[in-house]
Structure formats: C-alpha cells, structure tokens
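Given next are the chains, with one letter for each unit.
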Amino acid sequence: MKVLSSSEETYRLVDQMRMEGKRIGLVPTMGALHEGHLSLVQRAKQQCDMAIATIFVNPSQFGPNEDFQKYPRTLQNDLNLLADKGCDLVFTPTNAQMYPQGHSTFIEPPSVAEAWEGPIRPGHFRGVATIVLKLFQILPAHVGYFGRKDYQQVAVIRAMCRDLNLPIAIEACQTVRESDGLAMSSRNRYLSPSERQRALGLFRALEAAEKLIQEGCISGRQVEQAMRKELETSLVDSIDYAAIVHPDTLESIETIDSEVVGIIAARLGATRLIDNATFRLT
Ligand code: PAF
C-alpha cells in the first residue's frame, strides 16, 4: 500500500491509473477508522480495480466550539487497518497542503444543507463540500464511497456533484452497527460507560419509528413523538432533532405514503451523535 502526502504526486499517480483503464474507488475519511470506514474500502475493492482512501481531519468543517482539537488522530493504526483491507493508496495531506496560505475559495453548499445539521453546525457543510471537491480534484476517481450514517452529508455531496457536473458516481453504503445497534462512529470513543449505554437511545428510537410505521401509522408527527419518547426514556441528555423526512429533499413529512427516513441528532454529555434509518410502508 502506497502512502502519499503530496497532492501533485498523488494526482499524477491516480491520473496514470486512469490512463491505464483502471476503475478507481475513493473513500474520503478523517481517520480514527472503524468497521464502517473499512466496509467502504471493502466495497471499493469489490467494485473497482483500485481502492484509495484519504485521511485528513478537515478544520473547515468544524465550528469554533466543536471537537477539531480533540478529534482522535490514530494515523499508524489507520494505515495498518487499511493495509489489512488491501487498500492500494492512502492520501494523507498536511493542513498547509489542503489550505495553503491565502486559500479563500469555498463551496456554497446546496439547499439540502440548509435544514437539520445546517443551522446547528453553521459552516459545516461549506467545509465538507469544499474539502470533498478538493479531494475529488486531486484524486480523480470514478466512484466516491460514503457512509449512510451521515445521511445529510451524502445528500449534500450528491447535490454538489449534480450541480457542478462532477464526473463521479456517489455510493452510499449501509451504516455499520455495534452488536447492540449503536451506529459506529469515530466519536463513540468519547463516550463514558454511562453515556455509551444511554447512546443506544438513538437506535431504539429508530426501532420504535419502524415498528409504528409497520403497524400502519402514517403520521410523520406521531412517529417523531414516538422517537422523542424513546430518546427521553433512554435518558439522552438533549435532542437536537428527531424527524421523519423525504429521502431526497430531507423535507419534513406530514403523511407517510412511501419511503421516508428517520433522522436523529442527540447529545450525551459533550458528545453529539447522529443516526438514521430508512422506512417503507409495507
Ligand atoms: O465523513 C467524514 O469523515 C468527512 O466529513 C469527510 C467526508 C471525509 C470530509 O472531511
């Protein structure tokens, strides 16, 4: 497995792979890898000739009071995990490389960024869209792999690719969960044992929503209330949102008449977790 931190060298190598007719899969990450990330690499290996990962903790997607400083940085372990999965190339740029002196160009995120995470994390999707576009430029892949756990992030990236005519397909891969249902996240390692236990509330709330919809409930409001009740019963410290939304627009759904997505953001102590699930009327 090759590890490169120069964007010029990386571009040259990926460009050469393309010229050789190789299909390239790209897995952008911020490191602190877990099974969720590794499943994306595995998918890229299955579908492409070359699986490439990036590791960069992107400062522009963190707010001033967020966890940029304490975000886990576990580079050597990440590289070992990627090598074990057969990753072909890892791009690990420095901050100066991605944001050189005088850098002042940013992407205005698409409208799907405006709700939910948007107002709670101002500037977050501007930072995500900007770094993802920059990575797509440096590593001109055929397919970009992202986890569905960050449902709105995937919607933002898809819309950006559509709006800017980017020649890359976006694959959203299933959320990988711990055996008790907690969605894997690099931020789970912040949780104390009590918070870890209470964090299961997010999964339970999604289960409660699914049960209600399967029983025939078509009221978005009622399902949201059921999710909130479950989150409160599980003693999460606060709920940022628990909503039933349209799978593409992420607009709130009043009446459930086809596929919908339950999205949740909640806090356990200083840790903020998100989760989601897709529901279909049976
Ligand atoms: O999901 C993440 O880890 C990040 O938001 C991403 C897509 C790597 C951009 O920094």
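In this convention, every chain numbers its residues from 1, walking through the sequence in written order. Only residues with pLDDT of 70 or above have their local features reported here, since the model is predicted, and side-chain atom pairs are shown and tallied only from 80 upward, although totals for entire chains, interfaces and linings are computed over all residues. Heavy atoms from the whole structure form the basis of all side-chain values; hydrogens and water molecules are not counted.

Undergrad: How would you sum up the sheet that holds strand β1 (residues 2–4)? Please name residues and give values.
TA: Between any two strands, pairing holds if DSSP finds at least two bridges. Helix numbering and strand numbering both begin at the N terminus, where a helix is a DSSP run of H or I of at least 4 residues and a strand a DSSP run of E of at least 2. The parallel open sheet is built from six strands, whose spatial order is β1-β4-β3-β2-β5-β6. Unpaired on one side and paired on the other, β1 and β6 (169–173) mark the two borders of the sheet. Sheet twist, expressed as the average angle between the axes of neighbouring strands with direction ignored, equals 25°. Two elements, strand β3 (residues 50–55) and strand β4 (residues 89–91), share three bridges in a ladder whose sense is parallel. Of the residues in β4, the one forming a bridge with Ile-52 is Leu-89. Axis lines are fitted to C-alpha atoms, over the contacting stretch for helices. Their N-to-C directions set the angle, which ranges from 0 to 180 degrees.

Undergrad: Could you give me a rundown of the pairing of strand β9 (residues 271–279), with the residues and numbers involved?
TA: Summarising burial for β9: eight of the nine residues are buried, a large majority. The sheet contact formed by strand β8 (residues 260–268) and β9 spans nine bridges and is antiparallel. Residue Val-260 lies in a different strand from β9, and its bridge partner there is Phe-279. Between β8 and β9, which pair antiparallel and follow one another directly, the connecting turn spans two residues, one of which, Gly-269, has a positive phi of 60°. For every residue, the accessible area obtained with a 1.4 Å probe (protein chains only) is divided by the maximum for its type, and the residue is called buried under 20%, exposed over 50%, and partly exposed between those limits.

Undergrad: Break down helix α9 (residues 200–214) for me, citing the residues and quoting the values.
TA: Take the number of residues in a helix, subtract one, and multiply by 1.5 Å to get its expected span. In this model α9 runs 21 Å from its N-terminal to its C-terminal C-alpha over 15 residues, within 8% of the 21 Å that 1.5 Å per residue would give. Restricting attention to buried positions, one finds in α9 the residues Leu-200, Gly-201, Leu-202, Ala-205, Leu-206, Ala-209 and Ile-213. The contact rule is simple, with two residues in contact once any of their heavy atoms fall within 4.5 Å. For α9, the elements touching its buried residues are α8 (193–198), α10 (220–233), β8 and β9. The positive-phi residue at the C-terminal boundary of α9 is Gly-216, with phi of around 110°.

Undergrad: Help me get a handle on the site of the ligand, residues and values and all.
TA: Working definition: residue near molecule or strand if any one of its non-hydrogen atoms lies within 4 Å of it. Neighbouring the ligand are the residues Pro-28, Thr-29, Met-30, Asn-58, Gln-61, Ile-131, Phe-146 and Gln-153. Polar contacts here mean pairs of N or O atoms no more than 3.5 Å apart (in protein, one a potential hydrogen donor and the other a potential acceptor; neighbouring residues in sequence count only if both atoms are side-chain atoms). Here Gln-61 contributes a side-chain N or O atom positioned 2.6 Å from an oxygen atom of the ligand. Gln-153 has a polar side-chain atom sitting 2.7 Å from an oxygen atom of the ligand. Here the ligand loses 90% of its free accessible area of 290 Å² to cover by the protein chains. Of the residues belonging to the shell around the ligand, the class tally is four nonpolar, four polar and no charged. Accessible surface is estimated by sampling points in the Shrake-Rupley manner with a 1.4 Å probe; for residues, cover comes only from the protein chains shown. Under this grouping Gly is polar, as are all residues other than the nonpolar Ala, Val, Leu, Ile, Met, Phe, Trp, Tyr, Cys and Pro and the charged Asp, Glu, Lys and Arg.

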